[in-house]
Amino acid sequence: MATIEDVARAAGVSISTVSYALSGKRSIRAETRDRILAAAKDLGYLPHASARMLAANRSHIIAVSEPVHADTDETAHMTFAMEATKVARAHNYDTLLLVHDDALEGMRRSSATALADGIVVLDVDEDDARVPLARSLACPTVFVGLPADTDGLICVDLDFEAAARESVDRLVAAGHRQIGLISHRLETIDRGSNFTRRFLRAFEARCAERGVAHAVTHPNGHTAEGSVRRLLAQLPGLDGIVLNTTGDVASSLSATLATHDLSVPGDVSVIAAGVSFSTARFAVPFDTMPLDARASCTAAVDLLVQAIDGGDRDPRIVLLPPTYIDLGSVATRAAAPDPLAQVS
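A short tour of the structure in this document, coming up. The model shown is predicted, which means the values in this text are computed figures rather than measured ones. (Residues numbered from 1 in each chain as written. Predicted model: local features only at pLDDT ≥ 70, side-chain atom pairs only at ≥ 80, totals over all residues. Heavy atoms only, no water.)

Counting its secondary structure elements, the protein contains 14 helices and 11 strands. Its C-alpha atoms put the protein at 100 × 40 × 35 Å along the principal axes. Looking at the protein as a whole, 49% of its 344 residues are labelled buried. A separation threshold of at least 6 residues defines the contact pool for the protein, and within that pool the share at least 24 residues apart is 70%. Of the roughly 16300 Å² of accessible surface on the protein, 53% is carried by carbon and sulfur atoms. With 32 positive and 44 negative side-chain charges, the protein shows a separation of 7 Å between the mean positions of the two kinds. (Helix = DSSP H or I, 4+ residues; strand = E, 2+ residues; numbered from the N terminus. Buried < 20%, exposed > 50% of the residue type's maximum accessible area, 1.4 Å probe, protein only. Contact = heavy atoms within 4.5 Å. Areas by Shrake-Rupley, 256 points an atom, 1.4 Å probe, with all protein chains shown as cover. Lys, Arg positive; Asp, Glu negative; His and termini not counted. Charge placed at Lys NZ, Arg CZ, Asp CG, Glu CD.)

Taken together, the side chains of Val68, Met78, Leu97 and Val99 define a hydrophobic patch exposed on the protein surface, amounting to about 300 Å² of accessible area. Relative to the helices and strands, Val99 is located in the loop between β2 (94-98) and α6 (103-112). (Patch = residues over 30% accessible without salt bridge, like charges linked within 9 Å, V, L, I, M, F, W, Y side chains within 5 Å. Salt bridge = Lys/Arg side-chain N within 4 Å of Asp/Glu carboxyl O.)

Residues Ile62, Phe199 and Phe203 are the most contacted members of the largest nonpolar core, which totals 46 residues. Ranked by residue count, the leading element in this core is helix α14 (residues 293-308), at 9 residues. In contact with Ile62, other than residues within four places in its own chain, are Ala88, Tyr93, Asp94, Thr95, Leu96, Ala116, Gly118, Val120, Val301, Leu304, Val305 and Ile308. (Core = buried A, V, L, I, M, F, W, Y, C linked by side-chain atoms within 4.5 Å.)

Counting buried positions over the 5 residues of strand β1 (residues 61-65) gives 5, a clear majority of the element. Relative to β2, β1 is paired through 5 bridges, and the arrangement is parallel. Of the residues in β2, the one forming a bridge with Ile61 is Asp94. Handedness of the β1-helix α5 (residues 74-90)-β2 crossover: right-handed. (Pairing = 2+ DSSP bridges. Right-handed = clockwise from strand over helix to strand, strands pointing away.)

Let us look at the layout of surface pockets. When its volume is computed, the second largest pocket comes out at roughly 240 Å³. Lining the second largest pocket are 14 residues, with Asp73, Glu74, Arg185, Thr246 and Asp248 sitting closest to its centre. Of all elements in the fold, only α5 and α12 (247-251) reach the threshold of two or more residues within the lining of the second largest pocket. By residue number, the principal contributor to the lining of the second largest pocket is α5, which donates 3 residues. Tallied by class, the residues present in the lining of the second largest pocket amount to 3 nonpolar, 6 polar and 5 charged. (1 Å grid on protein atoms, 1.4 Å probe; cavity = no way out; pocket = protein on both sides within 12 Å on 5 of 7 lines; lining within 4 Å. Points joined across faces, edges and corners; volume = space filled by probe spheres on them. Nonpolar A, V, L, I, M, F, W, Y, C, P; charged D, E, K, R; others polar.)

Before going further, it helps to examine empty space enclosed by the protein. As enumerated under the stated definition, the model contains 1 cavity of 30 Å³ or more in all. As a volume, the largest cavity reaches approximately 480 Å³. In terms of lining, the largest cavity is formed by 29 residues, of which the most central are Ala76, Phe80, Asp123, Phe195 and Leu291. Broken down by secondary-structure element, the contributors of at least two residues to the lining of the largest cavity are α5, α9 (186-191), α10 (194-210) and β9 (269-275).

These results come straight from atomic positions and should not be treated as a statement about function.
Following this line, the structure appears as structure tokens:
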């Protein structure tokens, strides 16, 4: 294996000159630097990692800001972190996961010390404190999620509003007239999690537009029991449920409905929308519009690497359209009679 002494000898310079050329610590004449780099390449010399980073003025590290909260869905948390890591690796970048509650300090340190060439921001809140900080940092930043104020930002996310509307539209088209939404836990909503609030608002607005009875409930544990009980109290004729919740709650829904002598899809049709888990292995698989971590992170990291490489840094919002996976959990109901069509 070639050494720095071999490179110095081949280039006809001192070892210190080779070190300066590869680390960038001192200015070296372009001709000399080129001769050293050519010798290093010919000999297959690999300098110390820190020297390579200094020479390229790059760390080849992407910071991933994903703080852990008390209500964090650990499965979704790690899925997104892993997908961001895999996409970054495909671009020849390593990742640095920032999980401390003080997300601002990690981002500041990563940028100020050139520890990272860019930052991916995950688990975005509507009034996220990382938004104004991102606007002030020298390194590019891409958000996976939409804060309330997206001015000056690059953001990528699933179109949760479209997923909520399509969920309602499919159930209404199948003849359902009393539809419940099992959302996320209240602590997640109250924290300001952006996608949960966006989905909830769009669901309620679409139900109102379509003129169907609807109700929203939030789990107070890790099963659907309390949610189903509350939905049935508000909607005695409950015939459709939309799930925008966690995997533990969703996986218990069929068994919970069975305790009320209800089956899927015989009595209640179910759609899981904007969720990061698969329902394919549930006892009763549910039709799904997935929150695809791979698609979201691929789009975000691709945009970030382009920005790092001096490409387009213009602010934009990229909304990924939902994809519907039909697993047979929506049954057609007989259409309710239209009172306006009845003859008095």
